[in-house]
Amino acid sequence: MNIHTATHYGMCFGVREALRRAHDAAATGPVTILGPLVHNPVVTKHLETLGVRVGRLEDMSAVQTPGVMITAHGAADQDRAAWRNAGFSVTDTTCPLVHRAHQALATLVAQGYQPLVIGQPGHIEVRGLTGDFPGAVVLESDRDFPKIPRADRYGVVSQTTQPIVRVRQLVEALRTHCAPAEVVFRDTVCQPTKDRQRALDELCAKCDVIVVVGGRHSNNTRQLSTSARALGREVYQVETAEELQPEWFRGCRDAGVTAGTSTLDETVRDVIERIRRIS
């Protein structure tokens, strides 16, 4: 069995920087991360070994450390201000590309557009995007269109980890649904997500089985799995190498491996080595 790895996979620069800053913060004293730094249980367990605690952005009363961290997924400006005003030292590890999405949405609102956000309702990044704009409507599919209020101008951004092809399809459907209103789209899907989706397409073109490595609650990891299944491939998503089963590869000639943007390099290496042993 041949084993192929995607040309782009695994941890992105935003997650690496967030993890580095978490290490630095933990070295200076007790700190609480306001939610999972990233949606990856392997990373969360690693941070626990450093003494990093995990709290909730919405539950200030439960935090017992003087320092807190905003996760790589970001937060609303009003939430950052609330923690600072309460006397906490705030370390902000928001990915720069998530910051870019916030700025794009704020600009559209300032220009008078009704804000629409394409993304997963309830996801921490989406809650951060919409937190400063109570009138924003979250759209996961065209089934959410009835929630859109009447307006002459709509401004659309996306959760950074959405598949760009799907986002563009939804924007075109929006333009039809909202006609004759103006619909302006600002592409805020991050480049690492686009690179990994494109590399997945290439991987699926030559592989029978695709293994996607990453947290089960990671949106971009789940999107990789969904995209590979849509291309007709047998897909298995795992968080660790121990989850791999030999029977998944029976009759397989070419197996492909990719990983979400919050997956550690060593986790991917362990998965590849385990597939080699199975082969």
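The preceding data block contains the structure.
To keep things clear, this report deals only with the structure shown in the data block. Not measured: the values here are computed from a predicted model.

Let us now look at the packing of helix α7 (residues 191–204) against helix α8 (residues 219–230). Two elements in contact, α7 and α8, have axes separated by 10 Å at closest approach and are oriented at 35 degrees. The two elements α7 and α8 meet at a crossing, and its hand is right-handed. In contact with Arg-196, Gln-197, Leu-200 and Cys-204 of α7, α8 contributes Gln-223, Leu-224, Ser-227 and Ala-228.

One pass over the full model with this rule turns up 2 aromatic pairs. Judged by centre distance (4.9 Å) and plane angle (65 degrees), the ring pair of Trp-83 and Phe-88 falls under edge-to-face. Of the two residues, Trp-83 and Phe-88, neither departs from the other in class, the shared state being buried. With a centroid separation of 4.2 Å and 5 degrees between ring planes, the pair formed by Tyr-236 and Trp-248 is classed as stacked.

A complete count under the given rule lists 16 salt bridges for this structure. The partner of Arg-80 in a salt bridge is Asp-77, and the shortest N-O contact between them spans 3.0 Å. Linking Arg-80 with Asp-77, this pair stays in helix α3 (residues 77–85), spanning 3 residues, or about one helical turn. The closest approach of N and O atoms between Lys-194 and Asp-187, which form a salt bridge, is 2.7 Å. Taking the relative accessible area as the measure of exposure, Asp-187 reaches 23% and is therefore partly exposed. Ionic contacts of the salt-bridge type, sharing partners, join the residues Glu-17, Arg-20 and Asp-24 into one network.

Cut-offs applied
- Residues numbered from 1 in each chain as written.
- Predicted model: local features only at pLDDT ≥ 70, side-chain atom pairs only at ≥ 80, totals over all residues.
- Heavy atoms only, no water.
- Axes fitted to C-alpha atoms, helices over the stretch in contact; angles between N-to-C directions.
- Helix = DSSP H or I, 4+ residues; strand = E, 2+ residues; numbered from the N terminus.
- Left-handed = near helix turned anticlockwise from the far one by under 90°.
- Contact = heavy atoms within 4.5 Å.
- Phe/Tyr/Trp six-rings, centres within 6.5 Å; stacked < 30°, edge-to-face > 60°.
- Buried < 20%, exposed > 50% of the residue type's maximum accessible area, 1.4 Å probe, protein only.
- Salt bridge = Lys/Arg side-chain N within 4 Å of Asp/Glu carboxyl O.

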